[in-house]
There are 2 protein chains.
Amino acid sequence: MAWILDDSRPIYLQIEDLIKANIIAGVYQPGQKLPSVRDLAAEAAVNPNTMQKALTELERSGLVYTQRTSGRFITEDVSKMTELKEQIAREQIQLFLKNMEQLGLTRDDIRRLLEKEWKEES
Amino acid sequence: MAWILDDSRPIYLQIEDLIKANIIAGVYQPGQKLPSVRDLAAEAAVNPNTMQKALTELERSGLVYTQRTSGRFITEDVSKMTELKEQIAREQIQLFLKNMEQLGLTRDDIRRLLEKEWKEES
DNA sequence: ATTATTGTATTACTTTATTAATACAATAGA
DNA sequence: TCTATTGTATTAATAAAGTAATACAATAAT
């Protein structure tokens, strides 16, 4: 895993995002055990508490769970994962629409702009 | 103007957003003079420095400009305003698409989800 | 039973961000 | 010219956030 961190944002948030992205992308498989807090911290070259913070935050999302003395695991509950993805997507969409509406854009404007963007991306 | 502020985010950011929204919505007309920093601060019941910070931030967007001793004005340059709106929209779109792609969603997924959201909103 | 490994809690240090008090500077307007 | 009004700069006070050091607790593994 590429622990590329900068100082634009808090370390623990960057770590959380990296791990979350890897889980969603399927790099970490359901049920898989994560390395220990200390190991992950060493890997990422951060203080264990910082890694701990990232992980407990991540846990609130339901993507991982803890077994007190054996470690942390990616949830096996694939439907929970799907559900979560959908929830995140919905939130993203609603935020996006709110922002666009604040700019005075109509639904058609938004449709048009998206297609334009995609066209330009190729 | 309704200076409804809470403590969820820094005051100066909330003020900046309020004013920006009003400009974009056309509540403040191009060329119009804004009240002085001190007057606005009194209106919003915040420290003048806080209002000052909100305004200088806002200025970076190009929506307002300053004349040293006569005050601040909404830009008369309507095309600049349009341009800015378009730029903000583009940024919003790109961020949105990046986030959605990270969730593994395709263009069709996105189209579908948007239409679904709009349908639900009625 | 003992030990090594796991996550957790507590506390303190440090840094950054936010807000506020105050003084300064420029000039429009009388 | 003088004064009131404008934005600005400087500095300090406060609060919040982030990171780190260290000790604790539970249990799986031996």
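Residues numbered from 1 in each chain as written. Chains lettered and ligands numbered in written order. Predicted model: local features only at pLDDT ≥ 70, side-chain atom pairs only at ≥ 80, totals over all residues. Heavy atoms only, no water.

> Can you explain helix H2 (residues 37-44) of chain B? Please cite residues and give values.
Residue and element names in this part refer to chain B. Three or more residues of H2 are buried, namely Val37, Leu40, Ala41 and Ala44. Along the axis of H2, the buried residues cluster in a sector spanning 100 degrees; they form a single face. Looking at H2, the residues exposed on the side facing more than 90 degrees away from the buried face are Arg38 and Ala42. Summarising the contacts, the buried residues of H2 are in contact with helix H3 (48-60) and strand S2 (71-74). (Buried < 20%, exposed > 50% of the residue type's maximum accessible area, 1.4 Å probe, protein only. Helix = DSSP H or I, 4+ residues; strand = E, 2+ residues; numbered from the N terminus. Arc of directions from axis to C-beta. Contact = heavy atoms within 4.5 Å.)

> Provide a residue-level description of the relation of the copies chain A and chain B, including the pertinent values.
Screw-axis analysis of chain A against chain B gives a translation of 0.0 Å along the axis, an RMSD of 0.1 Å, and a rotation angle of 179 degrees. Here the symmetry operator amounts to a two-fold rotation axis. Residues of chain A ranked by C-alpha distance from the rotation axis are headed by Phe96 of chain A, positioned 3.3 Å from it. (Least-squares fit on C-alpha atoms with pLDDT ≥ 70 in both.)

> Quick rundown of the interface of chain A and chain B? Include the residues and the values.
Taken together, the 27 residues of chain A in the interface contact 27 residues of chain B. Summed over both partners, the interface of chain A with chain B comes to about 2600 Å²; 65% of that surface belongs to carbon and sulfur atoms. Of all residues in chain A, Leu103, Arg107 and Trp118 of chain A bury the most surface against chain B, accounting for 26% of the area lost on that side. On the surface where chain A and chain B come into contact, there are 4 salt bridges. (Buried area = accessible area lost by both parts, 1.4 Å probe. Salt bridge = Lys/Arg side-chain N within 4 Å of Asp/Glu carboxyl O.)

> Requested: an account of the pairing of strand S1 (residues 64-67) of chain A, with residues and values cited.
Residue and element names in this part refer to chain A. Note that S1 and strand S2 (residues 71-74) share 4 bridges and pair antiparallel. Among the inter-strand pairings, Thr66 is bridged to a residue of S2, identified as Arg72. In this antiparallel pair of consecutive strands, S1 and S2, the connection spans 3 residues. (Pairing = 2+ DSSP bridges.)

> Lay out the packing of H2 of chain B against H3 of chain B with the relevant residues and their values.
Residues and elements named next belong to chain B. Put simply, H2 and H3 touch, their axes get as near as 8 Å, and they point 110 degrees apart. In terms of axis orientation, H2 runs roughly perpendicular to H3. The handedness of the crossing between H2 and H3 comes out as right-handed. Within the contact between the two elements, H2 uses Val37, Leu40, Ala41 and Ala44 and H3 uses Pro48, Met51, Gln52 and Leu55. Its residues assigned to classes, the contact of H2 with H3 shows 7 nonpolar, 1 polar and no charged. (Axes fitted to C-alpha atoms, helices over the stretch in contact; angles between N-to-C directions. Parallel < 35°, antiparallel > 145°, perpendicular 65-115°, else oblique. Left-handed = near helix turned anticlockwise from the far one by under 90°. Nonpolar A, V, L, I, M, F, W, Y, C, P; charged D, E, K, R; others polar.)

> Go over the protein's contact with DNA strand C with me, naming the residues and quoting the values.
Arg38 and Arg72 of chain A together with Asn47, Asn49 and Thr69 of chain B are the nearest of the 18 residues found near DNA strand C. Contacts to DNA strand C include Tyr12 of chain B, whose side-chain N or O atom sits 2.8 Å from a phosphate oxygen. Thr50 of chain B is positioned such that a nitrogen or oxygen atom in its side chain is 3.4 Å from a phosphate oxygen of DNA strand C. Residue composition of the surface near DNA strand C, by class: 4 nonpolar, 10 polar and 4 charged. (Near = heavy atom within 4 Å. Polar contact = N/O pair within 3.5 Å; in protein donor to acceptor, adjacent residues only side chain to side chain.)

> Describe the pattern of salt bridges, listing the residues and the values that go with them.
Tallying each qualifying case throughout the model produces 14 salt bridges over all chains. Here Glu59 of chain A ties to Arg72 of chain A by a salt bridge, and the two come within 2.8 Å at their closest N and O atoms. Here Glu59 of chain A is found in helix H3 (residues 48-60), whereas its partner Arg72 of chain A is found in strand S2, with 13 residues between them in sequence. The shortest N-O distance in the salt bridge between Glu115 of chain A and Arg111 of chain B comes to 2.7 Å. One end of the pair, Glu115 of chain A, is in helix H5 (residues 107-121); the other, Arg111 of chain B, is in helix H5 (residues 107-121), on a second chain.

> Summarise the protein's contact with DNA strand D; cite the residues concerned and give the values.
Near DNA strand D, the surroundings consist of 19 residues, among which Ile11, Asn47, Asn49 and Thr69 of chain A together with Arg72 of chain B are the closest. Those atoms of DNA strand D that come within 4 Å of the protein belong to sugar or phosphate at a rate of 62%. In the environment of DNA strand D, a base nitrogen lies 3.1 Å from a nitrogen or oxygen atom belonging to the side chain of Asn49 of chain B. Between DNA strand D and Arg72 of chain B, the relevant distance is 2.6 Å, taken from a phosphate oxygen to a side-chain nitrogen or oxygen of the residue. Secondary structure elements with two or more residues in the surface near DNA strand D: helix H1 (11-24) and H3 of chain A together with H2, H3 and S2 of chain B. Partitioning the surface near DNA strand D into residue classes produces 4 nonpolar, 10 polar and 5 charged.

> A description of the side chain of Asn22 of chain B should follow, citing residues and the corresponding values.
Residues and elements named next belong to chain B. Within the fold, Asn22 resides in helix H1 (residues 11-24). You can call Asn22 buried: its relative accessible area is 17%. In this view, Asn22 contacts Met1, Val27 and Tyr28; residues no more than four positions away in its chain are not counted.

These figures capture arrangement, not role.
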